[in-house]
Amino acid sequence: MAFAVVAMLFAGCNAVDMEQYVDELYDRMPQEERIAQLRSGYMDELFDEDGKLDPAKCEELIPYGLGHFSQYAMQKPMDPNVLRDRVAAVQEWIMNNTPNGIPALFHEEVLTGINTKGSTVYPQQIGQAGSFNTELAELKTLQTSTAMRKMGGILALSPMVDVCRVPGFNRLEESYGEDAYLSAAMGVAFAKGLQQGDLTKGVGTCTKHYLGYGGGGETEEKEMLEEILLPHEAMIRLTGSKVVMPGYHAVHGTNCVENSYILKDILRDYVGFDGMVVSDYTAIDQIPGLDTPVQKAAAAINAGNDVDFPTGSNYQYLQEAIDQGLVAPETFERAVKNVLRHKFRAGLFDKDPYLYSTEKIVLDTPEERQTSYDIASQSIVLLENNGILPLKDPAKIFVTGPNANSMWAMCGDYSYPAMAYFWKHVKEEELGDPHIVRLLEGMKDRKPDGFEITYSRGCDWTEEIETKFSQVGDKRSWEYALLHRKVDSGEVADKEEALGMAAQSDVIIAAVGENVMLCGENRDRQGLRLPGKQEEYVEELLATGKPVVLVVFGGRAQVISGIAERCAAVIQAWYPGEEGGNAVADILYGNVSPSAKLSVSYPNTEVYEALCYNTSVEKDPRVQWPFGYGLSYTTFDYSGLKTDSKASTSDKYLTLSFNITNTGTVAADEVAQIYLSPTENGQNIRPIQLQGFARVSLEPGQTKTVKVKMYTEQFGYYTNDGARQWNISPGTFEVKVGASSADIRLSEKVTLTGSHVVKPLRDYYFSEVSVN
């Protein structure tokens, strides 16, 4: 009955009266129930061995309810309908047996689809960023959100929108790459699809890992607030994203979860964030220099962190912290009310809250598989091609390499297969659905008449365990046994057999790269060249004299200089998801023309420091292929750039347009990129910066016109001379249109006239683009 009373009291909640209702509910709650709202736990602990909810365990573990349930969908592999029924049973017990019956927030990871058995595995984010397709990004998360909400999930701990500029960063795969504009555009699309414009129906997003994870945490404030902050800021201000997760790292010497500079000063006071801040798993445990969980809880909540994930192991001592005077009552009240506000926004106190669906839940529908395929085919980058691709028939194709016949070439970290394998030791043969299409399977199934496919593995990923052990990230993974292992392919790698078959072929497809144990959270390896003896194996394939098409899978750019130049073609496939085998095969056969562009600067040497195209217009000698680069099976001509030559700093926007023509014989997409550069020193903007893009589909001989509204705020910059502000200054700038950051096809100068304009924050983050 407790929930019924609260629901009646708060029915019809809206933004105007939400604060009144939150205040009234808070006043009704006993202190134990308030503390419970700041904690999380694992749902499976409440069920007996037969899968039935155990009321005695509930009375013991959650007598005052619980604010959150952690990674509720991945803990045990089960049918989504059974999972939904478990959520329903827990919510029912909480709503009827705790003081105010406050429903819990069930959260899960959804980076590449729902992190649960049977869910669609979409391509990893680093590859998807290369599609430059925000519409597909939004469709993917709309599909994810619809299924997850049916299963009782209300909050996603996704997406990762860190601007990652260190090529060797082991979690780069989860990001959208090195550019702030592209990361922000893709992050906003992710949030739009997942939240569905209505938190009572969609799934809430969590922008992470705030602020500067992956190499941006020690940048100067100008770069941090102009670029590193941009994806978080845009998601918060444009989509109403209401949850932020601080990273494990430190900013200016202080761990993010206890860093009031980023959590209060920047996030709340500057950006205006009014949502809930949640810790990364075990991040509060890792606060240095403090001896007790009471002290750690106080440090985190005082700095602005509201919730302790994954179990509230520190926040369970908050009452002691309050009693000792370490935490002020108003600080504690702030945190609890931030959680309650999110629950109101998610509709948990509506008269008929959407806590789960009663209909039959089906995962990995044909529509979802098609979306996964579409993203994959637009995420695969053609880096080199001497004319060998698309493959010509008749031909005898030899497929080889450690990633040629492996699902681990397709599944990135935070997909269910990767998480189940890493955390739960679930073997490949035990994973079940969804079906992961391997490259060899795709090559056979998509094979046109006239082709013959042969296969031998040839070499393994590594001969020895290469995974590095380090105590960083999620503390739960600091177990030697978790990291000290390598993936068993289940195949024999017979190099002699493989080289003999290679010599008898017309073309060699060598699938190389990383796997789930060589890249990902808490997983790294020595060096950035190909793991193990893969490079040596490619050298032996090249020595046969047969053309080698190198297909590189993995979560980051792997250094292949020295062999790439001698390959007939090079493809960067990333982790392309469950339909990856079909997508790569279709590109090799020419069923689809490659269209993806690099979302990172691809190094030709091992780089462990920030590397980004926007620091100079001059070629960086460490870069083999630049940001925005990618080849096609056709050619494109850019022409007719027209732009407003002048605009006032007080104008909202200026316009430009240009034409793109497919001058080849193959239907294809081109990703046109719009950059902005200063024309003189002292203009306070980057030497070159992406400020727009357009994906244009063209038949052979077809011309289309791209029209762009470019906002004057995009010409601006951040300063802090005692007050943080966004500035738009008069001056002359160069607008550039290119096929990559290093391949500028058109440019025109634009002059902003008028007086210097100052704003607290920018309101316009992205160009508006249309294609006719």
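A look at the overall build of the protein
The secondary structure content of the protein amounts to 21 helices and 29 strands. For 772 residues, the compact-globule estimate of 2.2 N^0.38 gives 28 Å, and the protein sits close to it at 26 Å. If one aligns the C-alpha atoms of the protein with their principal axes, the spans along those axes are about 75 × 70 × 50 Å. Looking at the protein as a whole, 64% of its 772 residues qualify as buried. Excluding contacts between residues fewer than 6 apart, the proportion of contacts in the protein whose partners are at least 24 apart in sequence is 79%. Accessible area of the protein: about 26,100 Å², with a carbon and sulfur share of 48%. If the 70 positive side-chain charges of the protein are averaged to one point and the 107 negative ones to another, these points end up 2 Å apart.

Structural notes on the pattern of salt bridges
Here the structure, examined in full by the defined rule, presents 45 salt bridges. Linking Glu359 and Lys150 is a salt bridge whose minimum nitrogen-to-oxygen distance equals 3.2 Å. Highlighted residues: Glu359 in the loop between helix H14 (329–345) and helix H15 (366–377) and Lys150 in helix H7 (residues 134–150), separated in sequence by 209 residues. The structure contains a network of salt bridges with shared partners spanning Arg165, Glu223, Glu227 and Arg686.

Some thoughts on helix H8 (residues 180–195)
With 16 residues, H8 should reach 22 Å at 1.5 Å per residue; the first-to-last C-alpha distance of 22 Å fits that figure. The N-capping residue of H8, defined by a side-chain oxygen 3.1 Å from the backbone nitrogen of Tyr181, is Asp179.

Section: the packing of aromatic side chains
Evaluated as defined, the whole model comprises 21 aromatic pairs. Relative to Phe627, the ring of Tyr613 lies with its centre 4.5 Å away and its plane at 10 degrees, an arrangement referred to as stacked. Here Tyr613, found in the loop between strand E16 (602–603) and strand E17 (623–625), pairs with Phe627, found in the loop between E17 and strand E18 (636–643); they are 14 residues apart in sequence, far enough to count as distant. The exposure class of Tyr613 is buried, given its relative accessible area of 7%. Residue placement shows Lys337 over the ring face of Tyr26; its charged tip is 5.3 Å from the ring centre. Taking the ring centre of Trp726 as reference, the NZ or CZ of Arg762 above it sits at 4.0 Å.

Things to note about the pairing of strand E21 (residues 668–678)
Counting buried residues along E21, 10 of its 11 residues qualify, which places the element largely inside the surrounding structure. Summarising the sheet, E21 and strand E26 (residues 731–740) pair through six bridges and their orientation is antiparallel. In the sheet register, Ser677 faces E26, and the bridge partner there is Glu734.

So, the side chain of Asn305
By the secondary structure assignment, Asn305 is in the loop between helix H12 (293–303) and helix H13 (318–323). Judged by its relative accessible area of 0%, Asn305 is buried. The contact partners of Asn305, leaving out residues within four places of it in the chain, are Pro246, Val257, Leu263, Val277, Val278, Ser279, Ile284, Ala300, Tyr315 and Arg334.

Observations concerning the side chain of Gln71
With respect to the helices and strands, the residue Gln71 is situated in the loop between strand E2 (68–69) and helix H5 (80–97). For Gln71, the contacting residues outside a window of four places in its chain are His107, Glu108, Glu109, Tyr281, Met419 and Arg476.

Brief notes about the nonpolar core
Among the nonpolar cores identified, the biggest contains 86 residues, and Leu38, Phe332, Leu550 and Ile560 are the most heavily contacted of them. Contacts of Leu550, omitting those with residues within four sequence positions, involve Ala510, Val512, Val538, Ile560, Ile563, Cys567, Ala569, Val570 and Ile571.

Quick word on the sheet that holds strand E12 (residues 451–456)
Sheet architecture is open: six strands sit in the order E10-E15-E14-E13-E11-E12, paired in mixed fashion. With one partner strand each, in any of the chains shown, strand E10 (381–385) and E12 form the two edges of the open sheet. Mean inter-strand twist for the sheet, computed between neighbouring axes without regard to direction, equals 20 degrees. Against the sheet, helix H20 (residues 534–542) touches strand E11 (395–400), strand E13 (507–513) and strand E14 (548–553), its axis set at about 175 degrees to E13.

Details of the sheet that holds strand E3 (residues 105–108)
The strand order E1-E2-E3-E4 describes an open sheet built from four strands, whose pairing is parallel. The sheet is open, and its two borders are formed by strand E1 (40–41) and strand E4 (155–156), each paired with just one other strand. Examined bridge by bridge, E1 and E2 share two bridges and lie parallel to one another. Paired with Ser40 across the two strands is His68, which belongs to E2.

Comments concerning the confidence of the model for the protein
In this model, the protein carries an average pLDDT of 95, and 98% of its residues clear a pLDDT of 70 or more. Scored below 50 in pLDDT, residues 3–13 shows 27 contacts in the model against residues more than four places distant or in partner chains.

A look at unusual backbone geometry
Of the consecutive residues Leu389 and Pro390, the connecting peptide bond is found in the cis state with omega at 0 degrees. Note on placement: Pro390 falls in the loop between E10 and E11. Note the cis peptide between Asp393 and Pro394, where omega equals -5 degrees. By secondary structure assignment, the location of Pro394 is in the loop between E10 and E11. Positive phi, normally seen in glycine, also occurs at Gln71, with a value near 35 degrees. Located in the positive-phi region is Phe132, a residue other than glycine, with phi close to 50 degrees. For Phe132, the location among the structural elements is in the loop between helix H6 (125–129) and H7. On the accessibility criterion, Phe132 (2% relative accessible area) is buried.

Points about H12
With eight of its 11 residues buried, H12 lies for the most part within the structure. Inspection of H12 places Val294, Lys296, Ala297, Ala298, Ala299, Ala300, Ile301 and Ala303 among the buried residues, and these make up the whole buried set. Buried residues in H12 make contact with helix H11 (260–270), H13 and H14. Looking one or two residues past H12, Gly304 carries a phi angle of roughly 120 degrees, positive in sign.

Structural notes on the environment of Tyr629
Turning to its location among the elements, Tyr629 is positioned in the loop between E17 and E18. A residue is classified by how much of its surface remains accessible, and Tyr629, at 17% relative accessible area, is buried. With 112 residues separating them along the chain, Tyr629 and Met517 place their C-alpha atoms 28 Å apart. Aside from chain neighbours lying at most four places away, what touches Tyr629 is Val381, Leu382, Leu383, Ala596, Lys597, Leu598 and Ser740.

How each quantity is defined
- Residues numbered from 1 in each chain as written.
- Predicted model: local features only at pLDDT ≥ 70, side-chain atom pairs only at ≥ 80, totals over all residues.
- Heavy atoms only, no water.
- Helix = DSSP H or I, 4+ residues; strand = E, 2+ residues; numbered from the N terminus.
- Rg over C-alpha atoms; globule rule 2.2 N^0.38 Å.
- Buried < 20%, exposed > 50% of the residue type's maximum accessible area, 1.4 Å probe, protein only.
- Contact = heavy atoms within 4.5 Å.
- Areas by Shrake-Rupley, 256 points an atom, 1.4 Å probe, with all protein chains shown as cover.
- Lys, Arg positive; Asp, Glu negative; His and termini not counted.
- Charge placed at Lys NZ, Arg CZ, Asp CG, Glu CD.
- Salt bridge = Lys/Arg side-chain N within 4 Å of Asp/Glu carboxyl O.
- Expected span 1.5 Å × (residues − 1).
- Polar contact = N/O pair within 3.5 Å; in protein donor to acceptor, adjacent residues only side chain to side chain.
- Phe/Tyr/Trp six-rings, centres within 6.5 Å; stacked < 30°, edge-to-face > 60°.
- Lys NZ or Arg CZ within 6 Å of the ring centre and 35° of its normal.
- Pairing = 2+ DSSP bridges.
- Core = buried A, V, L, I, M, F, W, Y, C linked by side-chain atoms within 4.5 Å.
- Axes fitted to C-alpha atoms, helices over the stretch in contact; angles between N-to-C directions.
- pLDDT = per-residue confidence, 0-100.

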